[in-house]
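# Observations on the three-dimensional arrangement
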Amino acid sequence: MTTVTTRTVTYPADGLTMVGHLALPAGADRRPAVLLGPEGPGLNDFQRRRADALAELGYVALAFDLHGGRWFTDPQEMLARVTPLLADPDRMRDIGHAALDVLRAEPRTDPGRIAAVGYGTGGVIALELGRDGVDLRAIATVNGLITGRPGEATRIRCPVWAGVGSEDPIMPAARRDAFAAEMQAAGVDWRLVVYGGALHAFHHPSVDQAVLPGVGHHPRHAGRAWRDVVGLLAECLPVTE
């Protein structure tokens with residue numbers, strides 16, 4: 001296991017002071033980098049550990065913030081902030097670009113080799129960066145399959161991988177089909193994995209707080225989705241390149 005160095009980074013976005021988590025692999029050379037987006041409630045230790053795990057694999061990883069350092073424990077309060085955010089592609093892109101600027105400014109980052117991985121809201125932001133024409137090597141979205149504005153998916157310049165639970169009421173079959181149709185019409189190199197029996201946020205360990213209906217952890221599929229994401233990175237953003 002490589003030695004990982006971490007630090008907190010603050011930066012402005014969406015009228016807030018965001019509090020991200022930067023994880024650096026051992027060494028002093030430039031490395032490929034991953035922008036890591038959290039689910040709707042915000043950035044917590046789960047996603048910070050995901051960034052650390054990516055750094056252990058040799059990537060510079062930035063887990064970015066959505067809510068100015070806040071983690072929402074009340075689902076309705078979270079929806080009150082996230083719902084209008086998800087309806088505003090430009091606002092999501094601004095949040096993504098602000099974090100991407102921090103990642104690119106890190107001296108260890110190879111700015112020409114960056115991927116975006118996101119969960120839920122963070123996954124939609126990763127997709128919106130692609131629809132905005134950002135030069136990424138790969139995009140992965142787990143539980144975030146919202147389609148974009150007409151025609152903008154043609155700007156996506158990299159492979160897209162998406163994962164979703166078959167029993168997810170927030171990302172139902174109709175939304176999966178619309179996402180697939182958007183990617184196909186745009187000529188994107190895309191993949192969609194449907195994890196049988198899984199609910200929304202199946203990747204996230206259970207939390208001791210109220211959650212929305214249709215949300216639940218699925219340990220086996222959580223591990224499989226992580227391995228699928230790591231496999232995408234190994235294919236499109238190899239550390240040894």
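This report concerns the structure included in the present document. (Residues numbered from 1 in each chain as written. Predicted model: local features only at pLDDT ≥ 70, side-chain atom pairs only at ≥ 80, totals over all residues. Heavy atoms only, no water.)

### A closer look at the environment of leucine 103
Its place among the elements puts leucine 103 in helix 3 (residues 89-105). The class for leucine 103 is buried, based on a relative accessible area of 0%. C-alpha of leucine 103 to C-alpha of alanine 174: the two residues are 71 residues apart in sequence and 35 Å apart in space. Ignoring anything within four residues of it in the chain, the contact list for leucine 103 reads Leu22, Ala33, Val34, Leu35, Val60, Leu62, Thr109 and Ile114. (Helix = DSSP H or I, 4+ residues; strand = E, 2+ residues; numbered from the N terminus. Buried < 20%, exposed > 50% of the residue type's maximum accessible area, 1.4 Å probe, protein only. Contact = heavy atoms within 4.5 Å.)

### Description of the pattern of salt bridges
A pair can form between side chains of opposite charge whenever their charged atoms are brought close. Considering all chains together, one arrives at 17 salt bridges under this definition. Between arginine 7 and glutamate 106 there is a salt bridge; the shortest N-O distance is 2.6 Å. Note that arginine 7 is positioned in strand 1 (residues 5-13) and glutamate 106 in the loop between helix 3 and strand 5 (109-119), a separation of 99 residues in sequence. Given the relative accessible area of 40%, arginine 7 is considered partly exposed. Where arginine 149 meets glutamate 152, a salt bridge forms, and the shortest distance between an N and an O atom there is 3.3 Å. (Salt bridge = Lys/Arg side-chain N within 4 Å of Asp/Glu carboxyl O.)

### Quick word on helix 6 (residues 219-236)
Look at helix 6: 26 Å from first C-alpha to last across 18 residues, which is about the 26 Å you get at 1.5 Å a residue. His221, Ala222, Ala225, Trp226, Val229, Leu232, Leu233 and Cys236 are the residues of helix 6 that are buried. Each buried residue of helix 6 lies within a common arc of 145° when the element is viewed along its axis, so the set occupies one face. Looking at helix 6, the residues exposed on the side facing more than 90 degrees away from the buried face are Pro219, Arg220, Arg227 and Glu235. Among the structural elements, strand 3 (31-37), helix 1 (45-56), strand 5, strand 6 (139-142), strand 7 (160-165) and strand 8 (190-195) are those in contact with the buried residues of helix 6. (Expected span 1.5 Å × (residues − 1). Arc of directions from axis to C-beta.)

### Observations regarding the pairing of strand 5
Among the 11 residues of strand 5, eight are classified as buried, and the element is accordingly described as predominantly covered. Here four bridges tie strand 5 to strand 6, and the two strands are oriented parallel to one another. Note on strand 6: the bridge partner recorded for alanine 116 is isoleucine 139. Taking the sense of rotation as the criterion, the β-α-β connection linking strand 5, helix 4 (residues 121-131) and strand 6 turns out right-handed. (Pairing = 2+ DSSP bridges. Right-handed = clockwise from strand over helix to strand, strands pointing away.)

### Some words on the pairing of strand 2 (residues 16-24)
In this structure, strand 1 lies alongside strand 2, joined through nine bridges in antiparallel fashion. Residue pairing across strands places threonine 8 opposite histidine 21, the latter belonging to strand 2. The hairpin turn running from strand 1 into strand 2, its antiparallel successor, is two residues long, and aspartate 14 in that turn takes a positive phi close to 55°. Looking at chain direction, strand 2 and strand 4 (residues 60-63) are connected through three bridges and run antiparallel. Pairing of alanine 23 across the sheet is with alanine 61, part of strand 4.

### Observations concerning the packing of helix 1 against helix 6
At a minimum axis distance of 12 Å, the contact between helix 1 and helix 6 shows a crossing angle of 45°. Accordingly, the angle class assigned to the pair helix 1 and helix 6 is oblique. Between helix 1 and helix 6 lies a crossing whose hand is right-handed. Residues Arg50, Ala53 and Leu54 of helix 1 form the contact with helix 6, whose own contacting residues are Ala222, Trp226 and Leu233. When grouped by side-chain class, the residues that make up the contact of helix 1 with helix 6 number five nonpolar, no polar and one charged. (Axes fitted to C-alpha atoms, helices over the stretch in contact; angles between N-to-C directions. Parallel < 35°, antiparallel > 145°, perpendicular 65-115°, else oblique. Left-handed = near helix turned anticlockwise from the far one by under 90°. Nonpolar A, V, L, I, M, F, W, Y, C, P; charged D, E, K, R; others polar.)

### Concerning the side chain of glutamate 152
Its place among the elements puts glutamate 152 in the loop between strand 6 and strand 7. By relative accessible area, which is 12% here, glutamate 152 ends up buried. Reaching out from glutamate 152, the side chain makes a polar contact with the side chain of arginine 93 at a distance of 2.4 Å. Contact partners of glutamate 152, with chain neighbours within four places excluded, come to Arg93 and Arg131. (Polar contact = N/O pair within 3.5 Å; in protein donor to acceptor, adjacent residues only side chain to side chain.)

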